[in-house]
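An overview of the molecular structure
The lines below spell out each chain.
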Amino acid sequence: MTLTLDVPSLRSDTPGVANVLHFNNAGAALPPQPVLDAVTSHLAREAAIGGYEAAAEAADHIEDVYDAVATLIGARPDEIAFVENATRAWDMAFYAVPFRAGDRVVTARAEYLSNYLAFLQMKARAWIEIDVIDSDASGQIDLAALERAIGPRTKLIAITHVPGRGGLVHPAAEVGRIAARHGVLYLLDACQSVGQLAVDVRQIGCHMLASTGRKYLRGPRGTGFLYVRRDTIGTLEPPFIDLHAAEWIDDTYVVRADARRFENWERYIAGQIGLSVAARYAMRVGIDTIEARVKALGALLRRELAKRPGVSVHDRGVELCGIVAFLKDGEAAGKTRDRLRAMHINAHEARLSPVDLPVRGVDALVRASLHYYNDESEVERFVRAVAS
């Protein structure tokens, strides 16, 4: 089956493309018009009649986020919590795990720095141990080494699906099968993969998954979600609760039974509506079609950059996505980013973590991240600008 997109129509539905060449979708993608309309119209309604009243009026639209996100990732609505970003979603899952001294967390060499800081904090707080699994020759997590590292005290496997410093896609489903064989909890950070790649939590086999709205899902900033598998929810008590997450009964409390135990009452209501619209927009476009388009654009950019003298591409992995990491000889990554920005071209300086730095040999890379609304003429313009 040939997967095609009406790119001109999708670009016309994306107001920002008239202003910038946006290759920073792994930072924050340009929202489509329906998402922009959903957010701004609700904010206007809040201004007109009041915040609580506007929320009551939009109750069905607010509630829809649970069904929309669940449908997108192959989950059930009661397994979804709406939170303010992927980091908070990941934190609510990680800090809910009942660690004891001597428990071990297994992670990848190519792991997101923010998550590793949480590992270090838990090591200092609860005396856990951290097992870092080296990458294989391709650059992805070494699956055989991962299996060897699991022992009787292994409490959690926590990896990032797409670490975000380049095009690497870890084999999340293979990791899930290893976790299942050993009966180990599995937390997946999918902040760069949801909206870019087909993500199905049943196929992956993770117990928990955290993601954001602002990146490849093209939702509003200040939005994210947490998935927790139904049979896992009751084993994880949130690190903090409020009157939304729990009920006060006499001198004790009862935490709610669904994933919304990881939410708090106050939230970005317009953003929640916008996230729902973004999820349904992605499904209308077609996630398989999106994945094919984004990967093709990423491959095109890698090929064209590699042809330019003095430009080196630094992507590693068996499977590569729409994120491309590169350097220009004699120019620091931040300088390249700033030079491009002066030409209304958006890219990002991706700084490497201390865990990954010794392997990669550089402390920062230029990160270009493409989406389906980008086109081939923008790739050509970008490559010329980098090489100039």
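Quick note: structure is the one above.
The sections below set out a description of the structure shown in this document. It should be emphasised that the depicted structure is a prediction, and the values quoted were computed from it without experimental measurement. (Residues numbered from 1 in each chain as written. Predicted model: local features only at pLDDT ≥ 70, side-chain atom pairs only at ≥ 80, totals over all residues. Heavy atoms only, no water.)

Points about the overall build of the chain
Scanning the chain from terminus to terminus reveals 15 helices and 17 strands. C-alpha atoms of the chain, sized along the principal axes, occupy 70 × 55 × 40 Å. Per-residue burial for the chain yields a buried fraction of 56% across its 388 residues. On the chain, the mean spot of the 45 positive side-chain charges and the mean spot of the 49 negative ones are 6 Å from each other. (Helix = DSSP H or I, 4+ residues; strand = E, 2+ residues; numbered from the N terminus. Buried < 20%, exposed > 50% of the residue type's maximum accessible area, 1.4 Å probe, protein only. Lys, Arg positive; Asp, Glu negative; His and termini not counted. Charge placed at Lys NZ, Arg CZ, Asp CG, Glu CD.)

Brief notes about the sheet that holds strand E16 (residues 348-351)
Reading across the sheet, the 4 strands line up as E12-E14-E17-E16 and stay open at both edges, with antiparallel pairing between neighbours. The open sheet has two edge strands with one neighbour each: strand E12 (311-313) and E16. On average, each strand axis in the sheet is tilted by 40 degrees relative to the strand beside it, whichever way the strands run. Strand direction decides the pairing type here: E12 and strand E14 (residues 323-328), joined by 3 bridges, are antiparallel. Each residue of the ladder has a partner; that of Val313, found in E14, is Phe326. Contacts from helix H15 (residues 376-387) reach E12, E14 and strand E17 (364-369) within the one sheet, and its direction differs from that of E14 by about 25 degrees. (Pairing = 2+ DSSP bridges. Axes fitted to C-alpha atoms, helices over the stretch in contact; angles between N-to-C directions. Contact = heavy atoms within 4.5 Å.)

Examining the sheet that holds strand E5 (residues 154-160)
As a general point, the strands of a sheet are linked pairwise by backbone hydrogen bonds and lie either parallel or antiparallel. Strand order across the open sheet formed by 7 strands is E2-E9-E8-E7-E5-E3-E4, with mixed pairing between neighbours. Every other strand in the sheet has two partners, leaving strand E2 (80-83) and strand E4 (129-133) as the edge strands with one partner each. Taking the axes of each pair of neighbouring strands and ignoring which way they run, one obtains an average angle of 20 degrees across the sheet. As judged from the 5 bridges shared by strand E8 (residues 208-212) and strand E9 (residues 224-228), these two strands associate in the antiparallel manner. Among the inter-strand pairings, Met208 is bridged to a residue of E9, identified as Val228. Across the sheet, helix H5 (residues 86-94) lies against E2, strand E3 (104-108), E5, strand E7 (185-189), E8 and E9, angled at about 160 degrees from E8, the strand it touches most. Along the sheet face, helix H8 (residues 172-182) touches E5 and E7 and points at about 165 degrees away from the line of E7.

Describing a nonpolar patch on the surface
On the surface, Leu113, Leu117 and Leu120 cluster together into a nonpolar patch covering about 260 Å² of accessible area. Within the secondary structure layout, Leu120 lies in helix H6 (residues 113-126). (Patch = residues over 30% accessible without salt bridge, like charges linked within 9 Å, V, L, I, M, F, W, Y side chains within 5 Å. Areas by Shrake-Rupley, 256 points an atom, 1.4 Å probe, with all protein chains shown as cover. Salt bridge = Lys/Arg side-chain N within 4 Å of Asp/Glu carboxyl O.)

Regarding unusual backbone geometry
In terms of backbone geometry, most residues other than glycine have negative phi values and most peptide bonds are trans. Here Arg218, not a glycine, exhibits a phi torsion of approximately 65 degrees, which is positive. Here Arg218 is to be found in the loop between E8 and E9. For Arg218, a relative accessible area of 1% corresponds to the buried category. A positive phi is found at Asp250, a non-glycine position, where the angle reads about 55 degrees. With respect to the helices and strands, Asp250 occurs in the loop between strand E10 (246-249) and strand E11 (252-255). Asp250 sits in the exposed class, given a relative accessible area of 69%.

Some thoughts on helix H2 (residues 33-49)
Over its 17 residues, H2 extends 24 Å from the first C-alpha to the last, a length consistent with the 24 Å expected when each residue adds 1.5 Å. Among the residues making up H2, those that are buried are Val35, Ala38, Val39 and His42. Relative to the axis of H2, the buried residues are bounded by an arc of 90 degrees and lie together on one face. Exposed side chains of H2 directed beyond 90 degrees from the buried face belong to Ala47 and Ala48. In this structure, the buried residues of H2 make contact with helix H3 (51-57) and helix H11 (269-285). (Expected span 1.5 Å × (residues − 1). Arc of directions from axis to C-beta.)

Structural notes on empty space enclosed by the protein
Scanning all chains against the criterion turns up 2 cavities of 30 Å³ or more. Lining the second largest cavity we find Gly195, Tyr216, Leu217, Arg218, Ala278, Tyr281, Ala282, Ile290, His371 and Tyr372. For the lining of the second largest cavity, the element with the most residues is H11, which contributes 3 residues. Partitioned by chemical class, the residues of the lining of the second largest cavity number 7 nonpolar, 2 polar and 1 charged. (1 Å grid on protein atoms, 1.4 Å probe; cavity = no way out; pocket = protein on both sides within 12 Å on 5 of 7 lines; lining within 4 Å. Points joined across faces, edges and corners; volume = space filled by probe spheres on them. Nonpolar A, V, L, I, M, F, W, Y, C, P; charged D, E, K, R; others polar.)

As for the side chain of His371
Note that His371 resides in the loop between E17 and H15. According to the relative accessible area criterion, His371 is buried, its value standing at 0%. When residues no more than four places from it in sequence are discounted, the contact partners of His371 are Asn25, Ala29, Gly195, Tyr216, Arg218, Ile290, Val294 and Leu297.

Digging into the packing of aromatic side chains
Using the criterion set out here, one finds 10 aromatic pairs in the structure. With a centroid separation of 5.2 Å and 80 degrees between ring planes, the pair formed by Phe94 and Tyr95 is classed as edge-to-face. Taking the relative accessible area as the measure of exposure, Phe94 reaches 0% and is therefore buried. Ring pairs connect the aromatic residues Trp90, Phe94, Tyr95, Phe99, Tyr116 and Phe119, which therefore count as one cluster. We note Arg260 situated over the ring of Tyr66; from NZ or CZ to the ring centre the distance is 3.6 Å. (Phe/Tyr/Trp six-rings, centres within 6.5 Å; stacked < 30°, edge-to-face > 60°. Lys NZ or Arg CZ within 6 Å of the ring centre and 35° of its normal.)

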